[in-house]
Amino acid sequence: MGIMLSRFLKSALVLAVILGGVLPPLMVIGILLSVCLPVLPTKTYNKVAAFLQNQFLLAFVWLYERNHSGLNIYVSGDKIPPNESALIISNHVASHGDWAPIYSLVARESSTSLGGFKVVIKDIVKWLPGFGWCMWLLNWPFLKRNWAGDKAYLEKKLKSYAKDDVPLQLLIFPEGTRFTKKKHAAAVAYAKERKLHVPVHTMIPRYKGFQALVRGLDGVATHIYDVTLAYNGFHDQKYEKGTGYFNLYTHEVSEGNEICEMHMHVRRLKLADLPEDDAKLKELLFKWFEKKDAMLHSFYSSKNKRFEGAKKIAPLPASQWIPALSLMIAMSSLCGHVFMIGMHSWW
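This text gives an overview of the structure that appears in the document.

Parameters and conventions
- Residues numbered from 1 in each chain as written.
- Predicted model: local features only at pLDDT ≥ 70, side-chain atom pairs only at ≥ 80, totals over all residues.
- Heavy atoms only, no water.
- Pairing = 2+ DSSP bridges.
- Helix = DSSP H or I, 4+ residues; strand = E, 2+ residues; numbered from the N terminus.
- Contact = heavy atoms within 4.5 Å.
- Axes fitted to C-alpha atoms, helices over the stretch in contact; angles between N-to-C directions.
- Core = buried A, V, L, I, M, F, W, Y, C linked by side-chain atoms within 4.5 Å.
- Buried < 20%, exposed > 50% of the residue type's maximum accessible area, 1.4 Å probe, protein only.
- Parallel < 35°, antiparallel > 145°, perpendicular 65-115°, else oblique.
- Left-handed = near helix turned anticlockwise from the far one by under 90°.
- Nonpolar A, V, L, I, M, F, W, Y, C, P; charged D, E, K, R; others polar.
- Salt bridge = Lys/Arg side-chain N within 4 Å of Asp/Glu carboxyl O.
- Phe/Tyr/Trp six-rings, centres within 6.5 Å; stacked < 30°, edge-to-face > 60°.
- Expected span 1.5 Å × (residues − 1).
- Arc of directions from axis to C-beta.

1. As for the sheet that holds strand β2 (residues 86–90)
(1) Moving on: Reading across the sheet, the seven strands line up as β3-β6-β2-β7-β8-β1-β9 and stay open at both edges, with mixed pairing between neighbours. Whereas interior strands pair on both sides, the edge strands pair on one side only; in this sheet they are β3 (117–119) and β9 (311–312).
(2) Moving on: Note: strand β7 (residues 223–232) against strand β8 (residues 260–270), 10 bridges, orientation antiparallel. Residue pairing in the sheet places Y225 in a bridge with R268 of β8.
(3) Moving on: Relative to β7, helix α9 (residues 278–301) is tilted by about 30 degrees, and along the sheet it contacts β2, β7 and β8.

2. Some words on the nonpolar core
(1) Moving on: Ranked by internal contacts, the top residues of the largest apolar core, which has 66 residues, are Y64, Y103, L114 and F117.
(2) Moving on: With 11 residues, the top contributor of residues to this core is helix α2 (residues 42–65).
(3) Moving on: Residues within four places of F117 in sequence aside, it is in contact with Q53, I88, I102, Y103, V106, W140, Q169 and L171.
(4) Moving on: The next biggest cluster of nonpolar side chains, apart from the first, holds 25 residues, and it includes L143, Y161, V214 and W288.

3. Quick look at the pairing of β2
(1) Moving on: For β2, a buried count of five out of five residues is recorded, marking the element as mostly surrounded by other parts of the structure.
(2) Moving on: Looking at chain direction, β2 and strand β6 (residues 169–172) are connected through four bridges and run parallel. Its bridge partner lying in β6, A86 is registered against Q169.
(3) Moving on: By the bridge criterion, five bridges tie β2 to β7 in an arrangement that is parallel. The residue bridging S90 from the neighbouring strand is V227, located in β7.

4. Considerations on the packing of helix α5 (residues 147–163) against helix α7 (residues 207–216)
(1) Moving on: Between α5 and α7, whose axes approach to 10 Å, the crossing angle comes to 25 degrees. The angle between α5 and α7 falls in the class roughly parallel. The interaxial crossing formed by α5 with α7 has right-handed handedness. Residues W147, L154 and L158 of α5 form the contact with α7, whose participating residues are K208, G209, A212, L213 and G216.
(2) Moving on: In terms of residue class, the contact of α5 with α7 is made up of five nonpolar, two polar and one charged.

5. Structural notes on the pattern of salt bridges
(1) Moving on: According to the stated counting rule, one finds nine salt bridges in the structure shown.
(2) Moving on: A salt bridge links E283 to K287; the shortest N-O distance between them is 3.5 Å. Taken as a pair, E283 and K287 lie in helix α9 at a separation of four residues, close to a single helical turn.
(3) Moving on: Residue class for K287 comes out partly exposed when judged on its relative accessible area of 49%.

6. Concerning the packing of aromatic side chains
(1) Moving on: Tallied over the entire structure, the rule returns 10 aromatic pairs.
(2) Moving on: With a centroid separation of 6.0 Å and 10 degrees between ring planes, the pair formed by F56 and F60 is classed as stacked. Taken as a pair, F56 and F60 lie in helix α2 at a separation of four residues, close to a single helical turn. Comparing F56 with F60 shows no difference in burial state: the two are buried.
(3) Moving on: Taking the centre distance of 4.9 Å and the plane angle of 90 degrees together, the rings of F299 and Y300 count as edge-to-face. You'll find F299 and Y300 in the same group, each marked buried.
(4) Moving on: Three or more aromatic residues joined by ring pairs make a cluster, and in this case those are F56, F60, Y64, W99, Y103 and F117.

7. Let's talk about helix α6 (residues 181–193)
(1) Moving on: Over its 13 residues, α6 runs 18 Å from end to end, which matches the ideal 18 Å to within 8%, given 1.5 Å per residue.
(2) Moving on: Looking at α6, one finds that the buried residues are H184, A187, V188 and A191. What you see down the axis of α6 is that its buried residues fit within an arc of 100 degrees, all on one side. In α6, the exposed positions angled more than 90 degrees off the buried face are occupied by K182 and E193.

What follows is the structure, given as structure tokens:
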């Protein structure tokens, strides 16, 4: 009973921090961008939007990392150079929060790299208060999972990125959905029926969105980052090895572990080297996910839970997170001040 109460109180505290510390600056950013959008030249607006997004995400990264207090992040594989436009693909592990380690990875490239970061997300997300509004203003791509409509929309969106004067890093989870017991079982049944590799730690990647991005990013991005994502030490959620909704922030460890860990293995590949034939590109994507599954099997079977060559990354430098956090606190204060004035006037 005591453990359950403790978890409830921690979750309530996290929810209060998110609502009180994240939504107010998002509202201010949304208002600023709404004012700037119709009056500023496109390139100037994009730079303002990139600056605000970068500062918000740096503060957000610090919020869940808290300079590695209770959380360690390990990276292996190829190094990512700063300010390089790329398509990022990753496996889904958790029901929530798989974007967090990718944020942390990109944040280490340069002090401004998160400004051009975007995630391909479900169309319904744009209706979320604060978050969806800002994502739309920041030109993030929303898909309805209706390929007949999504294809034309995605082509138009990618052409708009070509005109931006900001390095682009676009993340997509090719599996197309969060990892759950029910969805994984469906993926296993699908693989058996079609005589594909039967996944253990991954699901079946969806090809069409990936193919459209690879073709559409020609001339916009130069590389693809193939990220294999894993977790260790987080308090076990239902049938998943990820962070869950609140443990990303509370860092509650599972039994037998002392600290929560995020692990990423990165392969950096040239987009120009990918097959021009769509059938071969589809086959390649399936091979990549088969390889991910094998890597994850080795990871979770090992004693030390590490990818080969893994190194712990350093915490965000104070020169990055302090200005970003200060700006978000100022925006929250401004939002609170305006709210109080409004309430006073109303009463």
